[in-house]
Amino acid sequence: MTANSTHPETIVLHAGWRADPATNSVAVPIYQTTSYQFRDTEHAANLFALAEMGNIYTRIMNPTCDVLEQRIAALEGGVAALALASGQTASTFAITNLCQAGDNFVSSTNLYGGTWNLFANTLKQFGIECRFVDPEDPEAFVRATDERTRCWYAETLPNPKLEAFPIPEVARLAEQVGVPLIMDNTSAPVLCRPLAHGAHIVVYSTTKFIGGHGTSIGGMIVDGGTFDWEKHGKRFPLLTQPDPSYHGAVWTEAVKPLGPVAYIIRARVILLRDIGAAMSPFNAFQFIQGLETLPLRMRAHSDNAAAVAHFLAKHPKVTKVIYPGQMAGEARRRADSIFKHGYGALLGFELQGGAEAGRRFIDALKMFYHVANIGDSRSLAIHPASTTHSQLSPEDQLATGVTPGYVRLSVGIEHIDDILADLTRALEAA
Ligand code: PLP
């Protein structure tokens, strides 16, 4: 019953695990091991040949990570998932699992600063070109696409602009063109399920809301299993041509008995095998704990953030509030078309006094933490222009939506009275 539940509250507690087969432990154990004893030489050979699935070495798979992968895959409605060392690894692998030197991909301009740098600079070093387009215009993805384009990429709710990405519209175009749409859903787990709106692959920084307690860095890729790689085979040689690094395996053929999992299996057995950015079992355990309360927390974050948005909108020192629930017109329509149960924890605002007022505000906060993170249960605040986005040029900062006086909040799940009291005090100083 629980395994088939479609309710996130049940999935996060039950999917992928009942009890430890060796000890009957109800909590998922931390399988802190590097390797796994083979039954015999035939078993070992079968595992290496992928004729049988099983544990070989923790760089490539681990039973604690496996439960987390199954749970997040179930939560997203995907076929399988891959746990990785960080959100940055997840986006790097999501792209390089399809692109090689000479290829390109199309991305929304509205990205987390670290992802922007990865796409604009580091992947360029590898010969992979990112073509940035304005997500306001879904057709721009089509115009930027040519025969060497391997995928499209965007964030569900990119901060700092916090304008919901038009997933259904762009996913429809991606299907027509024959490229997968990869969504970074870090800011909106549970509230938005990108695969249900037509996206093909989801990436997460589990560091944020999924962990929820600010203890561990991690990432995840979820394969929706819905993209037909063979139909568009010429575009995806890494999946449809013999792989010299795995005795000529053609991934779309080799994994057919396991289901539509060519993309995620290749990411595991090639990229994770060779690059090695694995999630530690201890961190997977922490994310499993976080996941158990994720639906409750996302609702509490959303309720508090909505109340903060309402409060700031009426404050005389605040010139602008950026929160999906406060937006009007097309931005609101897009948010309402993909969000359920609220708009999440992230909120931005601009102070009348510009950059100096922003700094004074941050320095006067007593309960909010001043950190370069989002998605902690505690309330967090930052001034992006002088911190997270400071490595971008002023033009690139503006392109990602960071003005000098912009303050970003990740509203936590404390009592709303305490949150508003801290904001009131800091606004007096701003
Ligand atoms: N994607 C988004 C939307 C993020 O906010 C972040 C980190 O802030 C990342 C990816 C990168 O994740 P990590 O810090 O786990 O590498």
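Throughout this document, residue positions are counted from 1 along each chain, in the order its sequence is written. At least 70 in pLDDT is required for a residue's local features to be given in this predicted model, at least 80 for side-chain atom pairs to be given and counted, and no such filter applies to totals for whole chains, interfaces and linings, which use all residues. Side-chain measures were taken over the full set of non-hydrogen atoms in the model, leaving aside hydrogen atoms and water.

**Here's the deal with the overall build of the protein**
Selection criterion: Secondary structure elements follow DSSP: runs of H or I of four or more residues count as helices, runs of E of two or more count as strands, with numbering from the N terminus. With C-alpha atoms as the basis for the radius of gyration, the globule rule is written as 2.2 Å multiplied by the number of residues raised to the power 0.38. Remark: exposure states derive from per-residue accessible area (1.4 Å probe, protein chains only) relative to the maximum for the residue type, with buried under 20%, exposed over 50%, and partly exposed in between. Residue contacts follow a heavy-atom distance rule, with two residues in contact if any of their heavy atoms lie within 4.5 Å. Think of it this way: Lys and Arg go in the positive column, Asp and Glu in the negative one, and His and the chain ends go nowhere. All charge positions are set by atom: Lys at NZ, Arg at CZ, Asp at CG, Glu at CD.
Secondary structure assignment for the protein yields 16 helices and 12 strands. Relative to the compact-globule value of 22 Å for 430 residues, the protein shows a C-alpha radius of gyration of 22 Å, a close match. The C-alpha extent of the protein, read off along each of the three principal axes, is 70 × 55 × 35 Å. For the protein, the proportion of its 430 residues judged to be buried stands at 56%. Look at the contacts in the protein between residues 6 or more apart in sequence, and 72% of them connect residues 24 or more apart. Within the protein, the 42 negative side-chain charges are centred at a point lying 2 Å from the centre of the 35 positive side-chain charges.

**Section: the site of the ligand**
The cut-off we apply is this: We call a residue near a molecule or strand as soon as one heavy atom of that residue lies within 4 Å of the molecule or strand. Pairs of N or O atoms are called polar contacts if they sit within 3.5 Å, as long as, within protein, a hydrogen donor faces a hydrogen acceptor (for residues adjacent in sequence, only side-chain-to-side-chain pairs). Accessibility throughout is a Shrake-Rupley quantity obtained with a 1.4 Å probe, and a residue counts as covered only by protein chains that appear here.
Taken together, 13 residues lie near the ligand, and Gly87, Asp184, Ser205, Thr207 and Lys208 sit nearest. For the ligand, an oxygen atom lies 2.9 Å from a polar atom in the backbone of Gly87. A distance of 2.6 Å separates an oxygen atom of the ligand from a polar atom in the side chain of Thr207. When isolated, the ligand has an accessible area of 390 Å², and the protein chains bury 91% of it.

**Describing the nonpolar core**
Here is the rule we go by: Buried Ala, Val, Leu, Ile, Met, Phe, Trp, Tyr and Cys residues that are joined via side-chain atoms within 4.5 Å together make up what is termed a nonpolar core. The split into domains, and so the bounds of each, comes from an automatic or database assignment of domains.
With 86 residues, the main nonpolar core has Leu181, Phe339, Phe349, Phe361 and Leu409 as its most contacted residues. Here this core gathers at least three residues from each of two domains, domain 1 (7-290) and domain 2 (294-429). Residues within four places of Phe349 in sequence aside, it is in contact with Leu312, Val318, Lys320, Val321, Phe361, Gly405, Tyr406, Val407, Leu409 and Leu427.

**Quick word on the domain arrangement of the protein**
Quick note on the threshold: Buried area: the accessible surface (1.4 Å probe) lost by two parts on joining, summed over both. Throughout this description, the term salt bridge denotes a Lys or Arg side-chain nitrogen within 4 Å of a carboxyl oxygen of Asp or Glu. Asp, Glu, Lys and Arg are counted as charged, while Ala, Val, Leu, Ile, Met, Phe, Trp, Tyr, Cys and Pro are counted as nonpolar; the rest, among them Gly, fall into the polar class.
According to the domain assignment, the protein consists of domain 1 (7-290) and domain 2 (294-429). Contact with domain 1, which involves 41 residues of that partner, is made by 42 residues of domain 2. Overall, the association of domain 1 and domain 2 removes approximately 3400 Å² of surface from exposure, summing both partners, and the carbon and sulfur fraction of that is 63%. By the criterion of area lost to domain 2, the three top residues of domain 1 are Pro160, Leu191 and Phe209, representing 23% of everything that side buries. Counting the contacts that link domain 1 with domain 2 gives three salt bridges. Measuring nitrogen to oxygen at the nearest pair gives 2.6 Å for the salt bridge that ties Glu9 to Arg299. Linking domain 1 with domain 2 are 13 residue pairs in polar contact (both at pLDDT 80 or more). Breaking the side of domain 1 that touches domain 2 down by element, the ones donating at least two residues are helix H1 (8-14), helix H5 (113-125) and helix H7 (167-177). In terms of residue class, the side of domain 1 that touches domain 2 is made up of 22 nonpolar, 13 polar and six charged.

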